[in-house]
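Tertiary structure, described
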Amino acid sequence: GVCSLLCAWSVVTGHPCSLDHQGWANCSGKSLLHAPSSLPSNVTDLDLSFNNLVMPHHGTLLMHFPSLRSLNLSSNALLALNPAVFSNLRALRLLDLSSCSITYLHTDAFKGLGNLHTLLLRNNSLQEVEVPFFLPLKALFHLDLQHNALVSVDALSLQLMEAVPQVRLEGNPWVCDCSAHPLQQWLWRRQAVQVTCASPPGLRGREVAALGSQDLGCRMRQRFPRGVSTVQQVTVTHSNATTPSAGKGGRSWPYLVGFLVAAIGISILIALAAKCKLFHKNLASYRHRPLPETSSIGGSPMEDGSTWDRGFSGQGASESHPMPGAADLQAEDDDGFIEDNYIQPGEHLPEEEERESHLSI
């Protein structure tokens, strides 16, 4: 009965689409510029592929299909998706935008599609995928970005794609340099295959997931653990690769070590210089010899000592050798002063012993 009703409706309204009893409308290959307004509003599946649809600059593409669950717009020259163009299709589960020559996705292009499960964007000309593009797609399960013009993807987009169980990235001209390291880690964790490099020529055809940081030309100081989030990896990689201040901070430790070594060396040299000076001083003191004691009257010390020994040996000796008189002393000493050389030879010994003990100390 439903099939008969839909068929009768199509005959009466004269639209080119074919309907079935399950609510599916097939309008593929009809050279349509706009979706037929004569379709019933309870259509759940709509195929508008291989037409010439014109995307509205403002408002929504399909106005009166609140129950639509599947929409196929593939092989239409849409070129760009304007903001909120699907915002009235809140029950939509599948959206096929394959082969539409799409070059740009507005950040709000999929606004309102909170229940979307599958999004097909393969065979387009997308060069980048912006982060806000994923934000409205809370229930996304399958994302197909095969055969676009993607050369790289930023770290935040990769982190948001972590919540999407199935992501297809094959057939894009990926540039496998150091900026592709987050993508390589992301693909390695997912064990993705057939995602290959397009450049540089030395890595063309190689799988991105199988490359290492050295293959990508990254001069990284530390390898990221597999459990670290992609955002943290890219933050550290970017700071090491492009931030001059971070690079200088990472290479400052050799200068610090050199400064410490120089300071220690100078300290050692100063200490050695001080020690050598003290050593020479002590050596000079060890080489010190007492000056010879000469008599102011004349004669050697030994003669003076023997004279005094004889003088103190007894009284008889004093009588046999009388003391010289004052006149004789005055004659021998022109300056009129008589030096006090009356020091017993025994008194010299303690002074010499004290001097030798002082030098040994």
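Scroll up to find the structure.
Calculation notes
- Residues numbered from 1 in each chain as written.
- Predicted model: local features only at pLDDT ≥ 70, side-chain atom pairs only at ≥ 80, totals over all residues.
- Heavy atoms only, no water.
- Disulfide = S-S within 2.5 Å.
- Helix = DSSP H or I, 4+ residues; strand = E, 2+ residues; numbered from the N terminus.
- Phe/Tyr/Trp six-rings, centres within 6.5 Å; stacked < 30°, edge-to-face > 60°.
- Buried < 20%, exposed > 50% of the residue type's maximum accessible area, 1.4 Å probe, protein only.

**Quick word on the state of the cysteines**
- Per the counting criterion, the structure on display carries three disulfides.
- A sulfur-sulfur separation of 1.9 Å characterises the disulfide bridge that pairs Cys176 with Cys197. Taking the sign of the S-S torsion, -95° for the link of Cys176 and Cys197, the bridge is left-handed. Of the two residues, Cys176 is situated in the loop between strand S11 (174-175) and helix H3 (181-190) and Cys197 in strand S12 (residues 197-199); the sequence distance between them amounts to 21 residues.

**Digging into the packing of aromatic side chains**
- One pass over the structure, following the stated rule, counts three aromatic pairs.
- Pairing Phe86 with Phe110 gives two aromatic rings, centres 6.5 Å apart and planes at 10°, and the pair type is stacked. Separated by 24 residues along the polypeptide, Phe86 in the loop between strand S5 (80-81) and strand S6 (94-96) and Phe110 in the loop between strand S7 (104-105) and strand S8 (118-120) bring together distant segments of the chain. Here Phe86 and Phe110 have matching classes, each one buried.
- With a centroid separation of 4.5 Å and 65° between ring planes, the pair formed by Phe133 and Phe134 is classed as edge-to-face.
- Classification of Phe133 as buried rests on a relative accessible area of 2%.

Without other data, these values stay purely geometric and don't point to any function.
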